[in-house]
Amino acid sequence: ARRVRVHHLRQAKERGERITMLTAYDAPTAALFDAAGIDTLLVGDSIGNTMLGHATTLPVTLDDMVRAGRAVASATRRAFVVVDLPFGTYESGPEQALASAVRVMKETGASAVKLEGGRRTAAQIRAITDAGIPVVGHLGYTPQAENSLGGPRVQGRGDDGAEELSQDALAVQEAGAVAVVLEMVPVEVAERITEFLQIPTIGIGAGTHVDGQVLVWTDMAGMTDWSPRFARRYAELGRALQQAAADFADEVRSGAFPAAEHSFGQ
Ligand code: KIV
Ligand code: NA
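Being a predicted model, the structure only gives us computed values, none of them experimental. (Residues numbered from 1 in each chain as written. Chains lettered and ligands numbered in written order. Predicted model: local features only at pLDDT ≥ 70, side-chain atom pairs only at ≥ 80, totals over all residues.)

(A) The domain arrangement of the chain, seen in detail. Examined at the domain level, the chain breaks down into domain 1 (6–235) and domain 2 (236–266). Taking only C-alpha atoms into account, the centre of domain 1 sits 39 Å from that of domain 2. (Domains from an automatic or database assignment.)

(B) Expanded view of the sheet that holds strand 5 (residues 135–140). Spatially, eight strands are ordered 1-2-3-4-5-6-7-8 in a closed barrel, and the strand pairing comes out parallel. The mean angle between the axes of side-by-side strands here comes to 25°, regardless of whether they run parallel or antiparallel. Of the strand pairs in this sheet, strand 5 and strand 6 (residues 179–183) are connected by five bridges, and their pairing is parallel. Looking at the pairing, leucine 139 lines up with leucine 182 of strand 6. (Pairing = 2+ DSSP bridges. Helix = DSSP H or I, 4+ residues; strand = E, 2+ residues; numbered from the N terminus. Axes fitted to C-alpha atoms, helices over the stretch in contact; angles between N-to-C directions.)

(C) Quick peek at the nonpolar core. Counting residues in hydrophobic clusters, the biggest one holds 72 residues, and the most contacted among them are Leu41 and Val43. Apart from residues no more than four positions distant in its own chain, valine 43 is found in contact with Ala24, Tyr25, Met65, Ala68, Gly69, Val72, Val81, Val82, Val83, Asp84 and Ala110. (Core = buried A, V, L, I, M, F, W, Y, C linked by C-beta atoms within 7 Å. Buried ≥ 20, exposed ≤ 12 C-beta atoms within 10 Å, placed from the backbone. Contact = placed C-beta atoms within 7 Å.)

(D) Here's a closer look at the UniProt feature "binding site: Mg(2+)" (unreviewed entry) in the chain. Per the UniProt annotation, the sites labelled "binding site: Mg(2+)" (unreviewed entry) are Asp45, Asp84 and Glu116. For this annotated set, covering 72 residues, all C-alpha atoms fall within 10.9 Å of each other, a compact arrangement in space. Looking at the element boundaries, aspartate 45 is found in the loop between strand 2 (40–43) and helix 3 (47–50). Residues in contact with aspartate 45, not counting those within four places in the same chain, are Thr57, Val60, Met65, Asp84 and Pro86. Along the chain, the position of glutamate 116 falls in the loop between strand 4 (112–114) and helix 6 (122–130). Judged by the 25 C-beta atoms lying within 10 Å of it, glutamate 116 falls in the buried class. (UniProt positions renumbered as here; feature names shortened; annotations may be inferred.)

(E) The site of ligand 1, seen in detail. Around ligand 1, the structure places Thr23, Leu42, Gly44, Asp45, Ser46, Asp84, His138, Val181, Glu183, Ile204, Val214 and Val216. Its residues assigned to classes, the shell around ligand 1 shows five nonpolar, four polar and three charged. (Near = placed C-beta within 6 Å. Nonpolar A, V, L, I, M, F, W, Y, C, P; charged D, E, K, R; others polar.)

(F) Layout of the packing of helix 4 (residues 62–74) against helix 5 (residues 94–108). Contact geometry of helix 4 with helix 5 gives a least axis separation of 9 Å together with a crossing angle of 35°. By crossing handedness, the relation of helix 4 to helix 5 is classed as right-handed. Listed contacts from helix 5 to Leu62, Met65, Val66, Gly69, Arg70 and Ala73 of helix 4 are Ser100, Arg103, Val104, Glu107 and Thr108. (Left-handed = near helix turned anticlockwise from the far one by under 90°.)

(G) The arrangement of the environment of serine 92 in detail. One can find serine 92 in the loop between strand 3 (80–84) and helix 5. When the C-alpha positions of serine 92 and glutamine 242 are compared, they lie 43 Å apart, and in sequence the two are 150 residues distant.

(H) Quick look at the packing of helix 5 against helix 6. Between helix 5 and helix 6, whose axes approach to 8 Å, the crossing angle comes to 45°. Our classification of the angle between helix 5 and helix 6 gives oblique. When you trace helix 5 past helix 6, the crossing you get is right-handed. Counted together, Pro94, Ala97, Leu98 and Ala101 of helix 5 and Ala123, Gln124, Ala127 and Ile128 of helix 6 form the full contact between these two elements. Its residues assigned to classes, the contact of helix 5 with helix 6 comprises seven nonpolar, one polar and no charged. (Parallel < 35°, antiparallel > 145°, perpendicular 65-115°, else oblique.)

Encoded structure:
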C-alpha cells in the first residue's frame, strides 16, 4: 500500500472519508497498527503517562520523542507518522520550535510534527510549515497546559468558549497546519469548527461530527483498568497479558515449561 501523505488527508475530508489515528510508541505496535490499516500514527507525548511511568506529559523530553519516533517510523510502511513536540521544546518561539521540529525530522523518518495551542503558537506553526515540515495542531484540552487548565476538562463550552476555540482553530489553519486534533470539545463546537475549516479535524472526546478519530492505543486496547469516558475498549489486552504472564509463572514452577520441543539435544 502507498504511503499516506498530506494531500490524502485533505482528500479524505473532501470525500467525507473518516481518518483513523492511533498513538504508537514502539516498533512492534506500530507494525501491527500499520498492517491493520490505521491511516496515521501519532507518537504522542502521552508516552510519558502510558509508557515511561510519569504522571503527566510534562517531563517528556525531545530525546524520548526522537527514540520513539524512530522506532515507529521504521516499522511503518503506509501510515502517516506524526511526532509530538514535547513540553518545553517550542514555547520560547519560532526558532526553538523550528530547531526541535528539524531534529525530529532528521532523526526519525516521521512525516509531520504536532504541537499544542492556537493563537499562542501560531508563529511556531508558521515557522515549521515554512521550512517544509507539515504540522498538526492540537486544541481543546491540551495536556501540556494541564496545570493552568485545571486537569482534563472539556474546553470550548459556552458562547465565549466556543468563540475562543473557533479563533484558535482559524489561527492554526492560517498558520499552515495540515490537520488539527480537537480534544474534549463539545460535539456541536467540534462540528461547527469541522464545517468552517478546510483542513481535517481529528477528534478525541469531540463526538462524531469531525473528520477523523484518534485514541491512545492503551485505552483503545484495554491495557489498563481505567480508561477515559471518551475511549472505547476494543480489547482487554491488559487482562490477557497478565494471564499469559501468570500462566508462564505457573508452568515454570510446576516444571511444565519448557517441554521437549522447546529444548535442544546434544
Ligand atoms: O499525546 C497524545 O496521545 C495526544 C493525543 C491524545 C491526541 O496528543
Ligand atoms: Na500529545
